[in-house]
Amino acid sequence: MPEFMKGVIKEKPEPGAVYREDLPIPEIKENEILVNVKATAICGTDMHIYPWTEYAQQRVTLPMVFGHEFAGEVVAVGSAVRNFKVGDRVAGETHIPCNKCFQCQTGNQHICEDMKIIGVHTPGSFAEYIAFPVDCAWKLDDSISYEVGAMLEPMGVAVHGVLSGEIGGKTAAIYGCGPIGLMGVGVAAACGASKIFAIDVFEQKLAVAKQMGADVTLRVGKDDVVKTIMEATGGQGVDVVVDFTGSPKAIQEGLKVLRKGGRFSLVGLPNGPVTLDLTDGIIYKEATMIGVTGRLMYKTWWQCNELLKSGKFDIKPVMGGIYPLKDFEKAFEDLKNGAPGKMILIP
């Protein structure tokens, strides 16, 4: 084991981060494992931490290595760890449950009342090594590469959002074609949605949505989204709307294209309160609104595993680029400029 590791650390309360080669390797507690990170992906949360937005300022204590989507090899285990051993290939669940509260004890660890998040509240994965609770470790199937393994965490958000209700044989509108939205399109297609409308601002992202299985792509500001969807569904609207944007306009529009008795799953995070037409958009429609966060531990992970092994879901089009960890600034810049897909860093 080397004495130091390379990593990207947020040192100061200002935009940017620093690549260093002299960071201490984390020490593990009795219920933790130490993982040699083989691949780690940039998340929307990291896009808040890197420029130091208000969201990050309220949650992150500096200095800290950030990043939380990762896969790697176990190199050490704590004295209380039983189900994992050195050499195991693993991916990481971001949410650290307390295992003591009501939610944890009733099977809802993903909405733990005392939740901690890797890379936000504890040191993250933009480094050669990461230590984290064994409760957050998922053994990778031999058929899954480390690069794909680093994408399982965000894929789980897409799976949880799309499969928070029935999708087989249903028409669906997917708002937002960022990496998670693109995977949401792929999940809907793989699970038998009858027709999928994908909506986004960027043409290049819509092109990837087509590859993931979208039947119709609609560009915000260019296409009449409501008119197109209503005409294509005989004036009824779609059975399912899943919003991955958090945009008030998208959510409001999504209610307009949702049929009576339909299901609306909210995954994207708005920056503030959102005004909704409750009377016509929800109450008179008897619409079902579902809030979705993270992944079910570990039902969603099993679903991801089986989807990838089925051959019906190809995650590769969502891989936007692979960069050496030291080139993290280029990866963040490409994302900021609207490049489609998930950017993966290799320590």
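Attention in this report is confined to the structure presented alongside it.

What counts and what doesn't
- Residues numbered from 1 in each chain as written.
- Predicted model: local features only at pLDDT ≥ 70, side-chain atom pairs only at ≥ 80, totals over all residues.
- Heavy atoms only, no water.
- 1 Å grid on protein atoms, 1.4 Å probe; cavity = no way out; pocket = protein on both sides within 12 Å on 5 of 7 lines; lining within 4 Å.
- Points joined across faces, edges and corners; volume = space filled by probe spheres on them.
- Helix = DSSP H or I, 4+ residues; strand = E, 2+ residues; numbered from the N terminus.
- Nonpolar A, V, L, I, M, F, W, Y, C, P; charged D, E, K, R; others polar.
- Patch = residues over 30% accessible without salt bridge, like charges linked within 9 Å, V, L, I, M, F, W, Y side chains within 5 Å.
- Areas by Shrake-Rupley, 256 points an atom, 1.4 Å probe, with all protein chains shown as cover.
- Salt bridge = Lys/Arg side-chain N within 4 Å of Asp/Glu carboxyl O.
- Buried < 20%, exposed > 50% of the residue type's maximum accessible area, 1.4 Å probe, protein only.
- Axes fitted to C-alpha atoms, helices over the stretch in contact; angles between N-to-C directions.
- Parallel < 35°, antiparallel > 145°, perpendicular 65-115°, else oblique.
- Contact = heavy atoms within 4.5 Å.
- Lys, Arg positive; Asp, Glu negative; His and termini not counted.
- Pairing = 2+ DSSP bridges.
- Arc of directions from axis to C-beta.
- Core = buried A, V, L, I, M, F, W, Y, C linked by side-chain atoms within 4.5 Å.

Details of the layout of surface pockets
There is about 590 Å³ of room inside the second largest pocket. Taken together, the elements giving at least two residues each to the lining of the second largest pocket come down to strand 1 (4-10), strand 2 (18-24), strand 4 (64-65) and strand 9 (129-133). Among the elements that make up the lining of the second largest pocket, the one with the highest residue count is strand 9 (five residues). Looking at the lining of the second largest pocket residue by residue, the class counts come to 19 nonpolar, five polar and six charged.

A word on a nonpolar patch on the surface
Nonpolar side chains collect at one region of the surface, where Val201, Phe202 and Val220 lie side by side and expose about 220 Å² of accessible area between them. By secondary structure assignment, the location of valine 220 is in the loop between strand 13 (216-219) and helix 8 (225-232). For valine 220, a relative accessible area of 34% gives the class partly exposed.

Comments concerning the packing of helix 5 (residues 152-162) against helix 11 (residues 299-310)
The interhelical angle for the contact between helix 5 and helix 11, taken along N-to-C directions, is 100°, at an axis separation of 9 Å. Judged by the inter-axis angle, helix 5 sits roughly perpendicular to helix 11. Across from Leu152, Glu153, Met155, Gly156, Val159 and His160 in helix 5, the residues of helix 11 making contact are Thr300, Trp301, Gln303, Cys304, Leu307 and Leu308. Per-class residue counts for the contact of helix 5 with helix 11 are seven nonpolar, four polar and one charged.

Quick notes on the side chain of glutamate 253
Examined against the element boundaries, glutamate 253 turns out to sit in helix 9 (residues 248-257). Of the buried charged residues, glutamate 253 lacks a salt bridge, with lysine 249 as the closest side chain of opposite charge at 5.9 Å.

A short note on the sheet that holds strand 16 (residues 288-291)
Taken in spatial order, the six strands make up an open sheet running 13-12-11-14-15-16, and their pairing is parallel. Each edge of the open sheet is held by one strand with a lone partner, namely strand 13 and strand 16. Ignoring strand direction, the axes of neighbouring strands in this sheet form an average angle of 15°. Pairing between strand 14 (residues 238-243) and strand 15 (residues 258-266): five bridges, direction parallel. Bridge pairing links valine 240 to arginine 263 in strand 15. Packed onto the sheet, helix 9 meets strand 11 (171-175), strand 14, strand 15 and strand 16 and runs at close to 150° relative to strand 15.

Section: the pattern of salt bridges
Enumeration according to the criterion identifies 14 salt bridges in this entry. Taking the shortest distance from any N to any O, the salt bridge between lysine 342 and glutamate 69 comes out at 3.0 Å. Residue lysine 342 is found in strand 18 (residues 342-346), and its partner glutamate 69 is found in strand 5 (residues 69-77); the two are separated by 273 residues along the sequence. Exposure class is identical for lysine 342 and glutamate 69. Each is buried.

Topic: the environment of alanine 131
Tracing the sequence through the fold places alanine 131 in strand 9. Judged by relative accessible area, alanine 131 falls into the buried class, the value being 16%. It is 8.8 Å that separates the C-alpha atoms of alanine 131 and isoleucine 25, two residues lying 106 residues apart in sequence. Excluding residues that lie within four positions of it along the chain, alanine 131 makes contacts with Pro26, Glu27, Ile28, Glu32, Ile33 and Leu34.

Things to note about helix 7 (residues 203-212)
If you check which residues of helix 7 are buried, you get Lys205, Leu206, Val208, Ala209 and Met212. Along the long axis of helix 7, the arc covered by the buried residues comes to 155°, so they all point the same way. Positive backbone phi, approximately 120°, marks glycine 213, located one or two places after helix 7.

Concerning the pairing of strand 18
Counting buried positions over the five residues of strand 18 gives four, a clear majority of the element. Pairing between strand 3 (residues 32-41) and strand 18: two bridges, direction antiparallel. Bridge pairing links alanine 41 to isoleucine 344 in strand 18. By the bridge criterion, five bridges tie strand 17 (residues 319-324) to strand 18 in an arrangement that is parallel. Following the sheet pairing, isoleucine 322 is matched in strand 18 by isoleucine 344.

Examining the nonpolar core
Ranked by internal contacts, the top residues of the largest apolar core, which has 65 residues, are Ile33, Phe132, Leu152, Met155, Leu308, Phe313 and Ile315. Counting 29 residues, the second largest nonpolar core, distinct from the first, contains Ile42, Ile49, Tyr50 and Val120.

Considering helix 8
Of all the residues in helix 8, the buried ones are Val225, Ile229 and Met230. Buried residues of helix 8 fall within an arc of 115° about the axis and therefore sit on the same side. Here the buried face of helix 8 lies against strand 11, strand 12 (195-200), strand 13, strand 14 and helix 9. Glycine 234, located one to two residues past helix 8, shows a positive phi value of around 65°.

Considerations on unusual backbone geometry
Here the residue pair leucine 62 and proline 63 is connected by a cis peptide bond, since its omega of 0° sits within 30 degrees of zero. When you line up the elements, proline 63 lands in the loop between helix 2 (54-57) and strand 4. With an omega of 5°, the peptide bond running from methionine 297 to tyrosine 298 counts as cis. Relative to the assigned elements, tyrosine 298 resides in the loop between strand 16 and helix 11. Look at asparagine 99: it is not a glycine, yet its phi comes out positive at around 65°. The exposure class assigned to asparagine 99 is partly exposed, which follows from its relative accessible area of 37%. Although it is not a glycine, glutamate 286 sits at a positive phi angle of roughly 50°. Within the secondary structure, glutamate 286 is located in the loop between helix 10 (278-283) and strand 16.

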